[in-house]
Amino acid sequence: IIDEVHNIGASSYSNLMDINFRYRLGMSATPERQNDQKGNNYISKYFKNNLIIVPENVVPKIKEHPIKVELTKLEENRYNDSKEERNRIAKNLFRWYGISPKHDFETFIKTVNILANSEEKTERILGRGYLKYTAQMKEIIYNAENKLYCINYLINKYKDKTIIFCERIEFV
């Protein structure tokens, strides 16, 4: 099942279409790609009659069951190291600029991004450092080794009754 199916016509997703799934379903409120007839033809050919155009005001009701996957010891150590560095930088951001992710997260992130692009070296180091360690933590979670074991278990247990959503195309 591919939501926002118009994206799948992009060449960066073409390797996904090489997988021969038994069932295919594409959904989108806007299935047509702008100025990309080749991408539109690819979508049509791949999905044939299995393309549903969803009205923009319709949101399907689903039951979501997030599954917590434990990190390996190595992943946990790397995660904790990055978190410790990020927290150290966050303390300095609070001390010097009065901002904290615990208060107003949206304002905090906007300020961190401004600092990351600052002309002033110390501001730039702090902003980029916070973003760097946050990105490292996300990478560790996204690439957790035990995810694959968990997904394999779910697919084997529920066979054709499992839908797995992935945030990143590389994971597919």
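The rules behind each value
Residues numbered from 1 in each chain as written. Predicted model: local features only at pLDDT ≥ 70, side-chain atom pairs only at ≥ 80, totals over all residues. Heavy atoms only, no water. Helix = DSSP H or I, 4+ residues; strand = E, 2+ residues; numbered from the N terminus. Expected span 1.5 Å × (residues − 1). Buried < 20%, exposed > 50% of the residue type's maximum accessible area, 1.4 Å probe, protein only. Axes fitted to C-alpha atoms, helices over the stretch in contact; angles between N-to-C directions. Parallel < 35°, antiparallel > 145°, perpendicular 65-115°, else oblique. Left-handed = near helix turned anticlockwise from the far one by under 90°. Nonpolar A, V, L, I, M, F, W, Y, C, P; charged D, E, K, R; others polar. Core = buried A, V, L, I, M, F, W, Y, C linked by side-chain atoms within 4.5 Å. Contact = heavy atoms within 4.5 Å. pLDDT = per-residue confidence, 0-100. Salt bridge = Lys/Arg side-chain N within 4 Å of Asp/Glu carboxyl O. Phe/Tyr/Trp six-rings, centres within 6.5 Å; stacked < 30°, edge-to-face > 60°.

Draft legend 1. Inspection of helix α2 (residues 73–97) at higher detail. Between the first and last C-alpha of α2 there are 35 Å, a value that for 25 residues agrees with the 36 Å anticipated at 1.5 Å per step. When α2 is considered as a whole, its buried residues turn out to be Glu75, Tyr79, Ser82, Arg86, Ile89, Ala90, Asn92 and Leu93. At the C-terminal side of α2, Gly98 shows a positive phi close to 70°.

Draft legend 2. Quick peek at the packing of α2 against helix α4 (residues 121–142). Where α2 meets α4, the closest approach of the two axes is 9 Å, and the angle between their N-to-C directions is 150°. On the basis of the axis angle, α2 is roughly antiparallel to α4. Note on packing geometry: the crossing formed by α2 with α4 is left-handed. In the contact of α2 with α4, the residues fall into twelve nonpolar, six polar and six charged.

Draft legend 3. View of the nonpolar core. Counting ten residues, the largest nonpolar core consists of Ile89, Ala90, Leu93, Ile99, Phe108, Val112, Leu115, Leu126, Tyr130 and Tyr133. Mapped by element, the contributors of at least two residues to this core are α2, α3 (105–116) and α4. In this view, Leu93 contacts Gly98, Ile99, Phe108, Val112, Leu115, Leu126 and Tyr130; residues no more than four positions away in its chain are not counted. Core analysis: the next-biggest nonpolar cluster, separate from the first, contains seven residues, Ile2, Val5, Leu16 and Phe47 among them.

Draft legend 4. Quick peek at the confidence of the model for the chain. Of all residues in the chain, 80% attain a pLDDT of 70 or more, and the chain-wide mean is 83. α2 holds the highest mean pLDDT among the elements of the chain, 96, whereas strand β3 (residues 51–53) holds the lowest, 64.

Draft legend 5. Structural view of the pattern of salt bridges. Within this structure, the stated rule accounts for two salt bridges. Ionic pairing is found between Arg88 and Glu85, a salt bridge with its closest N-O pair at 2.8 Å. Highlighted residues: Arg88 and Glu85, both in helix α2, separated by three residues, approximately one helical turn. You can call Arg88 partly exposed: its relative accessible area is 44%.

Draft legend 6. Just the packing of aromatic side chains, in detail. In this structure the tally under the stated criterion is two aromatic pairs. A ring pair is formed by Phe108 and Tyr130, whose centres lie 5.0 Å apart and whose planes are at 80°; its orientation type is edge-to-face. Here the residue Phe108 occupies a position in helix α3, and Tyr130 occupies one in helix α4, the gap between them amounting to 22 residues. Given a relative accessible area of 1%, Phe108 falls into the buried group. Under the relative-accessibility criterion, Tyr130 is labelled buried at 4%. Site record: aromatic cluster; members linked through ring pairs are Phe105, Phe108 and Tyr130.

Draft legend 7. Main features of the side chain of Ser82. Tracing the sequence through the fold places Ser82 in helix α2. Assessed through its relative accessible area of 5%, Ser82 is described here as buried. Apart from residues lying up to four places away in sequence, Ser82 is in contact with Tyr133, Gln136 and Met137.

Draft legend 8. Main features of the environment of Arg124. Its place among the elements puts Arg124 in helix α4. Leave out the neighbours within four places in its chain, and Arg124 touches Leu115, Ala116, Ser118, Glu119 and Gly129.

Draft legend 9. Here's a closer look at the packing of α3 against α4. The contact between α3 and α4 brings their axes to 7 Å, and the two run at 125°. Here α3 lies oblique to α4, going by the angle between them. Regarding α3 and α4, the two cross each other, and that crossing is left-handed. Every residue of α4 that contacts α3 at Phe108, Ile109, Val112, Asn113, Leu115 and Ala116 is listed here: Glu123, Arg124, Gly127, Arg128, Tyr130 and Leu131. When its residues are assigned to classes, the contact of α3 with α4 shows seven nonpolar, two polar and three charged.

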